[in-house]
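Overview (structure and organization)
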Amino acid sequence: MKFLDRKEEIAELKRVLNPETSAKFAVVFGRRRLGKSTLIKRVLTPADIYYMAGDLVDNVQLEMLQELLSQKFPEIGLAKFSGWEELLLMLNKLTAEQFTLCLDEFPYMVKHSPELPSILQRLLDTKELKYNLVICGSSQRMMQEMILSQTEPLYGRADAILNVQPIPLPYLQRGLHLDSVSTIEEYSVWGGVPRYWELREEYKSLMDAIRAMLLGPTAVLYDEPKKLFLDDMKVTVQSESLMAVIAGGANRLSEIAARMGRDATSLSAPLDRLIQMSYIRREIPFGESPKKSKRGIYKINDPMMDFYYTFIMPNMSSLGRGRKNFVMEEIEDRFTDYVSRQWENLCKEAVSGNKLFGYRWNEAERWWGTVPGKEKGTFKEMEFDVIAESTDGKAILVGECKWTNPEIAAEVHRKLIEKISLLPFAKGKEIIPVLFLKNKPKDNSENIKILYPQDVIDCMYTD
């Protein structure tokens, strides 16, 4: 697969590593498999040095970097170093023309040499550094703490900080040359992680790829969540358990605590950590304050994680016995329902911050709650898939998402309008009812606002 997106990241790295300016310090981090190393290598030149650290004791790590540096600076290979500071200072002394030194998987180096951040701080604070320094890592927690915590030595020293995110949906369509419906279905499994897309390319169909890449102990992504969690924590049991119970339908804090057998207050920190790493999200009904609302629910945010904890984790015993066919049957039977919830998330993303139907919209959210019924004294439980207020406050977009066979659009639209009439916050606003449909409806829908998969994908282009 060709290199996709990352235009802003590349431009920022080129700006900060410009050899015509003074030496700079850049930080790149983000979860593994997002292409951070590939991104950096696209910016580096033949004159630069790229070092991939391993989980090695400090003296072995030091020797390996020394050997690599000696290819550019032979004097370094002849020297004896008692520690990192001596090596980096000699490198600075020998540097005649500015180049870039990249230390990838920097958290491995710090794990065995915790003094490294302080050494870099002293080197940077002299303002005499002759080479650019880039550190990169997949441990989001460690990288953020080293750079963003005021108590850490490297706080405030970085000239650029790149928090690499998953690639937006449209690039998956471009990279795998898919139609719009297939793009949504593929994204619902692999999300925006380019390494998963590369692996997926080797198989003829999505289901073939799922079977080969996820089902069974020999599959390349079978233990993927555990590997991701190990980057950021010593023990993964709690995080994996939280993900499993949320995927299993426990979405409120009280429900999660009951399933975990834990006090709710003890789960706030681990849940917040999973939110910070973008693995889960906390949803609140449209119009409520994130801090004050007591109706928040937790959902898995990452598509691959959602798929894994929906289909793979509950079937570990079957997969361990080699019963892949049984698990594949379940995936195929429930796949449409699974994609439908990813479709809803994508529809909200397509609306958020976008200009549609004559208005620019704020963040789109779900809404659920109790409203007065048509008869006096009665109440009705309702929910809406997509609600967003226009930035000028004059209009509200209300959407219904369907990922099923062709619908009777007029009937779906009628039911949506009927539900909207009961919304207390819809009064006095212009209401824009929108259907988000997988397929063209069976009936004539010229007077109904409808967005199809390709429309949603097009709404997400950032070029």
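For the structure itself, consult the block above.
Described in the following lines is the structure provided in the data block. In every chain, residue numbers begin from 1 and rise along the written sequence. Reporting of local features is limited, given that this is a predicted model, to residues whose pLDDT is at least 70; pairs of side-chain atoms are given and counted only at 80 or more, and all residues count toward the totals for whole chains, interfaces and linings. In computing side-chain values, all of the structure's heavy atoms are included and hydrogens and water are not.

Description of the sheet that holds strand S12 (residues 395–402)
Backbone-to-backbone hydrogen bonds join strands into a sheet, with any given pair of strands oriented parallel or antiparallel. How we decide: Pairing between strands requires that DSSP locate at least two bridges from one strand to the other. By the criteria applied, helices consist of DSSP H or I runs no shorter than four residues and strands consist of E runs no shorter than two, each listed in order from the N terminus. In what follows, a contact means two residues having at least one pair of non-hydrogen atoms within 4.5 Å. Lines fitted to C-alpha atoms define the axes here, with helix axes fitted over just the stretch in contact, and angles between the N-to-C directions of these axes take values from 0 to 180 degrees.
If you walk across this open sheet you meet the five strands as S10-S11-S12-S13-S14, and the pairing is mixed. Where the open sheet ends on each side, the last strands, each with one partner, are strand S10 (365–372) and strand S14 (450–451). Across seven bridges, the pairing between S10 and strand S11 (residues 379–389) is antiparallel. Looking at the pairing, Pro372 lines up with Phe379 of S11. In this fold helix H19 (residues 324–351) packs onto S10, S11, S12, strand S13 (430–437) and S14, with an angle of close to 50° to the strand it touches most, S11. In the packing of helix H20 (residues 409–420) onto the sheet, contacts are made with S11, S12, S13 and S14, and the angle to S13 comes to roughly 140°.

Some words on helix H15 (residues 253–260)
Residues separated by three or four positions in an α-helix point in the same direction, a consequence of the helix having 3.6 residues per turn. The criterion, for reference: In this scheme, a residue with accessible area under 20% of its type's maximum is buried, one over 50% is exposed, and one in between is partly exposed, where area comes from a 1.4 Å probe on protein chains only. Here, the arc refers to the directions that run from the helix axis to the C-beta atoms.
Listed in full, the buried residues belonging to H15 are Ile256, Ala257 and Met260. Along H15, the residues classed as buried sweep out an arc of 100° about the axis, all on the same side. Set apart from the buried face of H15 by more than 90 degrees, the exposed residues are Ser254, Ala258 and Arg259. On the buried face of H15, the contacting elements are helix H14 (237–247) and strand S7 (297–300). Looking one or two residues past H15, Gly261 carries a phi angle of roughly 70°, positive in sign.

Overview of the packing of aromatic side chains
Convention followed: Each pair of aromatic rings taken from Phe, Tyr and Trp, with Trp reduced to its six-membered ring, is defined by centres within 6.5 Å and is described as stacked if the planes are under 30 degrees apart, edge-to-face if over 60, and tilted in the remaining cases.
Taken as a whole and assessed by the stated rule, the structure comprises 13 aromatic pairs. Between Phe311 and Tyr338, the ring centres sit 5.6 Å apart and the planes meet at 70°, which makes this aromatic pair edge-to-face. With Phe311 in helix H17 (residues 303–312) and Tyr338 in helix H19, the pair connects residues that are 27 residues apart, well separated along the chain. Seen from their ring centres, Tyr359 and Trp361 are 5.6 Å apart, and the 50° between their planes marks the pair as tilted. Pair check on accessibility: Tyr359 and Trp361 agree, each one buried.

Structural notes on unusual backbone geometry
Even without a glycine there, the phi angle at Glu105 is positive, about 55°. Here Glu105 lies in the loop between strand S3 (100–104) and helix H6 (106–112). According to the relative accessible area criterion, Glu105 is buried, its value standing at 15%. A positive phi is found at Lys127, a non-glycine position, where the angle reads about 60°.

Section: the sheet that holds strand S4 (residues 132–137)
Spatially, S2-S3-S4-S1-S5 is the arrangement adopted by the five strands of the open sheet, whose pairing is parallel. The strands lining the two open edges of the sheet, one partner per strand, are strand S2 (49–52) and strand S5 (160–163). In this sheet, adjacent strand axes meet at a mean angle of 10° when their direction is disregarded. Sheet topology places S3 next to S4; four bridges connect them, and they run parallel. Residue Leu101 lies in a different strand from S4, and its bridge partner there is Leu133.

Re the pairing of S13
Under the convention used in this document: Crossover handedness is defined here as right-handed if the route from the first strand over the helix to the second strand goes clockwise, with the strands pointing away from the viewer.
Most of S13 is tucked away: six of the eight residues are buried. Pairing of S12 with S13 involves eight bridges; the strand directions are parallel. Paired with Glu400 across the two strands is Leu435, which belongs to S13. The β-α-β motif built from S12, the intervening H20 and the parallel element S13 has right-handed crossover chirality.

As for the layout of surface pockets
Stated formally: The definitions used throughout rest on a 1 Å grid laid over the protein atoms alone, on which a cavity is an enclosed set of points accommodating a 1.4 Å probe that cannot get out and a pocket is an open set flanked by protein within 12 Å on both sides along at least five of seven lines; lining residues are those having an atom within 4 Å of a point. Grid points are joined across faces, edges and corners, and a volume is the space filled by probe spheres set on the points.
Within this model, the largest pocket holds a volume of roughly 1,000 Å³. If you trace the largest pocket, you find 39 residues lining it, with Arg281, Asn301, Asn345, Glu349 and Glu363 closest to the centre. Contributions of two or more residues to the lining of the largest pocket are made by helix H8 (140–148), strand S6 (280–283), H19 and S10. Residue contributions to the lining of the largest pocket peak at six residues, all from H19.

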